[in-house]
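Residues per chain are reported as follows:
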Amino acid sequence: MKILNEPKELQRLAETIRLQEKRIGFVPTMGALHDGHLSLVKIAKQRADVVMVSVFVNPLQFGKNEDFERYPRPFERDVELARLAGADILFAPSAAALYGEGFQTFVEVREISKGFEGDVRPTHFRGVATVVLKLLNLAKPHVAVFGEKDAQQLALVRRMVADLNLDVEIVGAPIVREPDGLAMSSRNVYLSAEERREATILYRALQEAKRALESGERNPDALKRLVVATISSVPIATLDYAEIVCAEDFSPTPALQSGKTYFLILAARFGKTRLLDNLRFSL
Ligand code: AMP
């Protein structure tokens, strides 16, 4: 596995690979890799000849009082895990290399950036869209894989790719979970032992909703009430939101329609740690 730090180097290598008529698969990450990330690498390998993984803790997508400084950065371990998962190229630029002096261009995906994560983190999606566009311009992938774990981010990337006519296929990958159901996340390491134990309530709440859907429940408010009631059984969990949105444009839905795909999305705090989870379903 080749490790590159310079944006220009990655761009030149991508150009060379394309000239060899090989397909490039790309998986952008912020590192602290876990099995969720590695599942994306495996999907990319199935769809491409050469797989590039980026490890970059993007300052632009963190708010002032967020965890940019303390975000875990186990770089050596990431290198080893990416290599074992079959990545061919690991791109790990510095912030200075990616955002040169005088940087002032940002990507705004207007509607999907609003609500949910966008309400709690007002500059987050502008940072995500900007870095993803930059990385796509450098890695020149034919296919890029993103996790459904960050469903709003996935919808935003799809929208940006369509709106800006980017020549890349975006693939969404299912959430990988711990054996007890907690969605894997680099931020799970922040949880205390008690918070970690109780955090499984998010998955259990989504499973309750899934069972209700399977029994024929079609009222979004009833499904949301079920999730809210389940999560409120854990006193240390503070729910930020639970909503049902259309998978495509992330708009909240007053009524479920057959033939459409939805996400039941939720975010909750356990102490200082915010966790996201969701259930994707089609009717
Ligand atoms: P991050 O490093 O958290 O920015 O995530 C990088 C990519 O991995 C994003 O596309 C995430 O949606 C995806 N990802 C994170 N956690 C998981 C998970 N548990 N299962 C599947 N994909 C994930």
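All values reported here derive from a predicted model rather than from experimental measurement.

### Regarding unusual backbone geometry
Right, on to step 1. The backbone of Asn165 shows a phi angle near 55°, a positive value even though the residue is not glycine.
Right, on to step 2. Positive phi is not limited to glycine here, since Phe250 has a value of about 65°.
Right, on to step 3. On the secondary structure map, Phe250 appears in the loop between strand S7 (237-246) and strand S8 (261-270).
Right, on to step 4. Residue classification places Phe250 among the buried positions, given a relative accessible area of 6%.

### As for the site of the ligand
Right, on to step 1. Taken together, 17 residues form the shell around the ligand, and within it His37, Gly147, Asp150, Val176 and Met184 come nearest.
Right, on to step 2. Side-chain polar atom of His37 to an oxygen atom of the ligand: 2.9 Å apart, as the coordinates give it.
Right, on to step 3. Between the ligand and the protein, one listed contact pairs a nitrogen atom with a backbone N or O atom of Val176 at 2.9 Å.
Right, on to step 4. If the ligand stood free it would expose 490 Å²; the protein chains cover 93% of that surface.
Right, on to step 5. For the shell around the ligand, the secondary-structure elements that each account for two or more residues are strand S2 (24-29), helix H2 (35-47) and strand S5 (143-147).
Right, on to step 6. In terms of residues, the shell around the ligand owes the most to one element, H2, which gives three residues.
Right, on to step 7. In the shell around the ligand, the residues fall into nine nonpolar, six polar and two charged.

### Points about the sheet that holds strand S9 (residues 273-282)
Right, on to step 1. Within the open sheet, the three strands sit side by side as S7-S8-S9. Their pairing is antiparallel. Two strands lie at the open edges of the sheet, namely S7 and S9, each paired on one side alone. If you compare each strand with its neighbour and ignore which way they point, the axes differ by 15° on average.
Right, on to step 2. As defined by bridge partners, S8 adjoins S9 across 10 bridges and the pair is classed as antiparallel. Residue Leu266 lies in a different strand from S9, and its bridge partner there is Asp277.

### Section: the packing of aromatic side chains
Right, on to step 1. As enumerated under the stated definition, the model contains nine aromatic pairs in all.
Right, on to step 2. An aromatic cluster is present here, built from Phe56, Tyr99, Phe103 and Phe106 joined pairwise through their rings.
Right, on to step 3. The ring of Phe106 is capped by Arg126, whose NZ or CZ atom sits 3.9 Å from the centre of that ring.

### A short note on helix H10 (residues 220-232)
Right, on to step 1. Its 13 residues place the ends of H10 18 Å apart at the C-alpha level, agreeing with the 18 Å of an ideal helix rising 1.5 Å per residue.
Right, on to step 2. For H10, the secondary structure elements touched by its buried residues are helix H9 (201-214), S7 and S8.
Right, on to step 3. The N-capping residue of H10, defined by a side-chain oxygen 2.9 Å from the backbone nitrogen of Asp221, is Asn219.

Here is what the cut-offs are and how they apply
- Per chain, residue numbering runs from 1 following the sequence as it is written.
- Selection of residues for local features in this predicted model requires a pLDDT of at least 70, selection of side-chain atom pairs for listing and counting requires 80 or more, and totals for whole chains, interfaces and linings are taken over all residues.
- For the side-chain quantities, the full set of heavy atoms in the structure was used; hydrogens and water were omitted.
- Strands here are runs of E lasting at least two residues and helices are runs of H or I lasting at least four, both read from the DSSP assignment and numbered beginning at the N terminus.
- Classification of residues uses two cut-offs on accessible area relative to the type maximum, computed with a 1.4 Å probe and protein chains only: under 20% is buried, over 50% is exposed, and between them is partly exposed.
- Distances are taken per atom, and a residue is near a molecule or strand as soon as one of its heavy atoms is within 4 Å of it.
- Polar contact criterion, stated in full: a pair of N or O atoms within 3.5 Å, where within protein one must be able to donate a hydrogen and the other to accept it, and residues adjacent in sequence count only if both atoms are side-chain atoms.
- Only the protein chains shown count as cover for residues, and the accessible areas themselves come from Shrake-Rupley with a 1.4 Å probe.
- Residue polarity is assigned by list, with Asp, Glu, Lys and Arg as charged and Ala, Val, Leu, Ile, Met, Phe, Trp, Tyr, Cys and Pro as nonpolar; anything else, Gly included, falls into the polar class.
- Strand pairing requires that DSSP identify at least two bridges connecting the strands.
- Axis definition: a line fitted to C-alpha atoms, limited for helices to the stretch in contact. Angles are taken between N-to-C directions and run from 0 to 180 degrees.
- When two rings of Phe, Tyr or Trp (its six-membered ring) have centres within 6.5 Å they constitute a pair, described as stacked for plane angles under 30 degrees, edge-to-face for angles over 60, and tilted for the intermediate range.
- Consider the ring centre and the ring normal. A charge sits over the ring if Lys NZ or Arg CZ is within 6 Å of that centre and within 35 degrees of that normal.
- The span you would expect from a helix comes to 1.5 Å times its residue count less one.
- Only heavy atoms enter the contact rule, under which two residues are in contact if any of them lie within 4.5 Å.

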